[in-house]
Amino acid sequence: MKVILFCQNAYAFGILVPIRDVLIEQGHGFLWYISGKLLDNFPYKDDNYTLSTLDLQRYESDAIFVPGNEVPYYIRGLKVQVFHGLAGEKKGHFRIRHYFDLYLTQGPYFTDKFNELKKVHKNFDVIETGWPKLDVYSTEKNRYDFEKKAILQQFNTDKIVLFAPTFSPSLTSAPYLLKEIRNLAETTGYVVLIKFHDLMDQKWIKIYKRLSNEIRNVIFKEDKNIIKLLLQADILVSDTSSVIYEFILLNKPVITFKNISDRVLWDNSNSYTGLTEKVLDNFHSDAYAAERAYINMQFHPYQDGKSALRMVNAVKDYIEIHGVPQERKLSLARRLKINSIFGKPTKNPFVGEKTNKISAVLITYNEDIHINAVLENIKFADEIIVVDSFSKDGTIEKIEQHPHVKLIQRTFVNYTDQKSYALKQATHDWVLFLDADERVPDRLRNEILETINSSKPTADAYYFYRTFMFKDKVLHFSGWQSDKNYRLFRKSKVHFTEDRIVHETLVVDGPSGVLKNKLIHYSYKNYEDYRGKMIKYGQMKAVEEFKKDYDPNYYHFIIRPFYKFFNHYILRLGILDGKKGLIICYLNALGVYSRYKELKRLRNLK
């Protein structure tokens, strides 16, 4: 059986790892899919993984385990939802989105509700297996006891309180319990652990870190592993976080503030007061023990640590009976939504023989925010060469984590000089030459492979049109709609001209072509960054024009920048890009002004 472990968010790792371990034990193949935002912190890079849905199409999976709400309909395999929490009262938990063939539920409470929905929709099945994230409660329940004992001895107390609120601005208790947490720690002497979600507002993270610096027995935890903290704590303080149920299943008391559940089966307060008294009362009387027993029975009655095993076996048995679906049939609206999230399916993925190899080449300087993503993006190349100009922001350290990448460090003179040198380092004749802020989407990647491995390529060099991204939004106009550059070419048929040092020109000794799929260009990170780029390019362009020996005047300082703005904002429809278009067109005009300002300075130095 070939399985995809599908991750859109970091919480999926703890849910899918027990499944992965069972797959390994049983000898099944698996492939992680992770969204781009998870790349830098993905902890299992020794496993087989991808960020590309094209790779998923080519993998030909039998099943896809998804602890989330969406999955591409066009990927082969049984689409299995394994859920990402136990908070059944949250909006959308029992919403049927029609993306899944099989629901593997945590306990009777969830099973009954999904079986009722199955009778209505009749296009999925339900099997109760338990939840794999909680297998650790069986296998590691006493793993942290020694460390807990040491903590209690260090602070001369007998209890650990965990404060783990939700991050949602409308539901979080963090802004309101600061004084209550302080009072609890100072009054009782208990150890108070603070664990915030990764998406918690940075303002409250800073404030609670400051509290932990002021009070010795308040400890701000930045561990990714909240399970460890759940096992160590004696009581949980929260609000409407799904972690409540994970803690209750350890049969320990919970206190919440303004929880939104219709049926609260633990100690809940509708005002942000009295925390210390509530903690002491729960330790003394434990009034909600019977309710916890009910939750354990209904939400997750499995204590054997074998939920992941049941899931894998359930999927295997289901496939033996029903076979493997090629794709999930959806309405047009749902297909369009999936395409907007994951990209359109690649038609006829390239699976032929690779008759020509590709060298992927980059030049870099301080590309810390881009380098991991671009190196991951071009892994399909047969070699990757990076010529770096002695970066100082962590770029080098990240490149060195990619053993398949050849790194060369060389002093930067100008773009033409650096790119000419980098091109000479390529081993293969076909070269894919990218900037670090560019990405090859799946359809373009497929087109590249088809083009260079055809029996007779139609050109020796190919232009790529580019989609300009303003932060994470597409800029549709502003002069960028016709932007194209040579990015794929035969090394033996090209060279860079030496008379231009910025926006270098590639000379092609042979026919040129254009690929139909666009490259993605993440040039705009923020205002200051893009402004700096435009000024830098303008200054470098001034060095080129200095050789032409003309003196800039009113025309160059006023008319040329104005025309640049007018051309891009009005004639090339930047006005239709709204505020984004105004910003880009202004900064492009600023680049022109900076060119002549620098040229004037250089002439004055003569």
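Up top you'll find the structure we're talking about.
Keep in mind the model is a prediction, meaning the values are calculated, not measured. (Residues numbered from 1 in each chain as written. Predicted model: local features only at pLDDT ≥ 70, side-chain atom pairs only at ≥ 80, totals over all residues. Heavy atoms only, no water.)

J.: I'm lost on the sheet that holds strand β9 (residues 191-195) in this one. Help?
T.: Remark on secondary structure: sheet strands pair via backbone hydrogen bonds, oriented parallel or antiparallel. Reading across the sheet, the six strands line up as β10-β9-β8-β11-β12-β13 and stay open at both edges, with parallel pairing between neighbours. Since the sheet does not close on itself, it has two edges, and those belong to β10 (218-221) and β13 (267-269), each with one partner. Taken over all neighbouring pairs, the strand axes of this sheet differ in orientation by 20 degrees on average, direction set aside. Relative to β13, strand β12 (residues 254-257) runs parallel, the two being bridged by three bridges. Residue F257 lies in a different strand from β13, and its bridge partner there is S269. Against the sheet, helix α5 (residues 145-155) makes contact with β8 (160-163), β9 and β10, and its axis sits at roughly 105 degrees relative to β8, the strand it touches most. Together, β8, β9 and β10 form the strand contacts of helix α7 (residues 202-214), whose direction differs from that of β10 by roughly 140 degrees. (Pairing = 2+ DSSP bridges. Helix = DSSP H or I, 4+ residues; strand = E, 2+ residues; numbered from the N terminus. Axes fitted to C-alpha atoms, helices over the stretch in contact; angles between N-to-C directions. Contact = heavy atoms within 4.5 Å.)

J.: Explain a nonpolar patch on the surface to me, please; I cannot follow it from the model alone.
T.: Nonpolar side chains collect at one region of the surface, where F562, Y563, F566, I570, L571, L573, I575 and L576 lie side by side and expose about 770 Å² of accessible area between them. Residue position: I570 is located in helix α19 (residues 554-571). (Patch = residues over 30% accessible without salt bridge, like charges linked within 9 Å, V, L, I, M, F, W, Y side chains within 5 Å. Areas by Shrake-Rupley, 256 points an atom, 1.4 Å probe, with all protein chains shown as cover. Salt bridge = Lys/Arg side-chain N within 4 Å of Asp/Glu carboxyl O.)

J.: For this particular structure, what's the right way to read unusual backbone geometry?
T.: Leaving glycine out, the prevailing phi sign among residues is negative, and the prevailing peptide bond configuration is trans. Not every positive phi belongs to a glycine, and D286 is a case in point at roughly 45 degrees. In this fold, D286 is placed in the loop between α10 (275-285) and α11 (289-299).

J.: So what exactly am I meant to see when it comes to the sheet that holds strand β2 (residues 29-34) here?
T.: Overall, parallel pairing links the seven strands, which are arranged β3-β2-β1-β4-β5-β6-β7 in an open sheet. The sheet is open, and its two borders are formed by β3 (49-50) and β7 (125-128), each paired with just one other strand. For strand β1 (residues 2-7) and β2, the ladder comprises six bridges, and the chain directions are parallel. Within β2, the position partnered with I4 by the bridge is L31. Packed on one face of the sheet, helix α1 (residues 12-26) meets β1, β2 and β4 (63-66) and runs near 170 degrees to β1.

J.: Looking at this structure, I do not really get the packing of aromatic side chains. What am I missing?
T.: Where two aromatic rings form a pair, the distance of their centres and the angle of their planes describe that pair. Across all of its chains, the model carries 39 aromatic pairs by this definition. Taken together, a centroid distance of 5.5 Å and an interplanar angle of 70 degrees make the contact between W32 and F42 edge-to-face. With W32 in strand β2 and F42 in the loop between β2 and β3, this residue pair connects regions lying ten residues apart in the sequence. Taking the relative accessible area as the measure of exposure, W32 reaches 0% and is therefore buried. Of the residues examined, F42 reaches a relative accessible area of 4% and is grouped as buried. Ring geometry for F565 versus Y569: centroids 5.1 Å apart, planes at 25 degrees, classification stacked. In this pair, F565 and Y569 both sit in helix α19, four residues apart, roughly one turn of the helix. On the basis of relative accessibility, which here comes to 23%, the residue F565 falls in the partly exposed class. The class of Y569 is buried, set by a relative accessible area of 15%. Through pairs of rings, three or more aromatic residues link up here, namely F83, F94, F100, Y103, Y109, F110, F114, F124, Y245, W266 and F299. Above the face of the F283 ring, K159 is positioned so that its terminal group lies 5.2 Å from the ring centre. Positioned above the aromatic ring of Y49, the side-chain terminus of K379 is 4.5 Å from the ring centre. (Phe/Tyr/Trp six-rings, centres within 6.5 Å; stacked < 30°, edge-to-face > 60°. Buried < 20%, exposed > 50% of the residue type's maximum accessible area, 1.4 Å probe, protein only. Lys NZ or Arg CZ within 6 Å of the ring centre and 35° of its normal.)

J.: It is not clear to me how the pattern of salt bridges should be interpreted in this structure. Could you clarify?
T.: As a working rule, side chains carrying opposite charge can pair if their charged atoms are close by. In total, this model carries 31 salt bridges according to the counting rule given. For the salt bridge of K398 with D368, the shortest nitrogen-to-oxygen distance reads 3.2 Å. One end of the pair, K398, is in helix α15 (residues 395-399); the other, D368, is in the loop between β14 (358-364) and α14 (371-377), with 30 residues separating them in the sequence. Residue class for D368 comes out partly exposed when judged on its relative accessible area of 23%. Among the salt bridges present, the one from D435 reaches K419, with a minimum N-O distance of 3.6 Å. Of this pair, D435 sits in the loop between β17 (430-434) and β18 (438-439) while K419 sits in helix α16 (residues 415-424); the two residues are 16 residues apart in sequence, bridging distant segments of the chain.

J.: What should I look at first to understand α11 in this one?
T.: Since one α-helical turn is 3.6 residues long, residues separated by three or four positions face the same way. Those residues of α11 that sit buried are R292, I295, N296, Q298 and F299. Tucked inside the fold, the buried residues of α11 contact α3 (108-121) and α9 (243-248).

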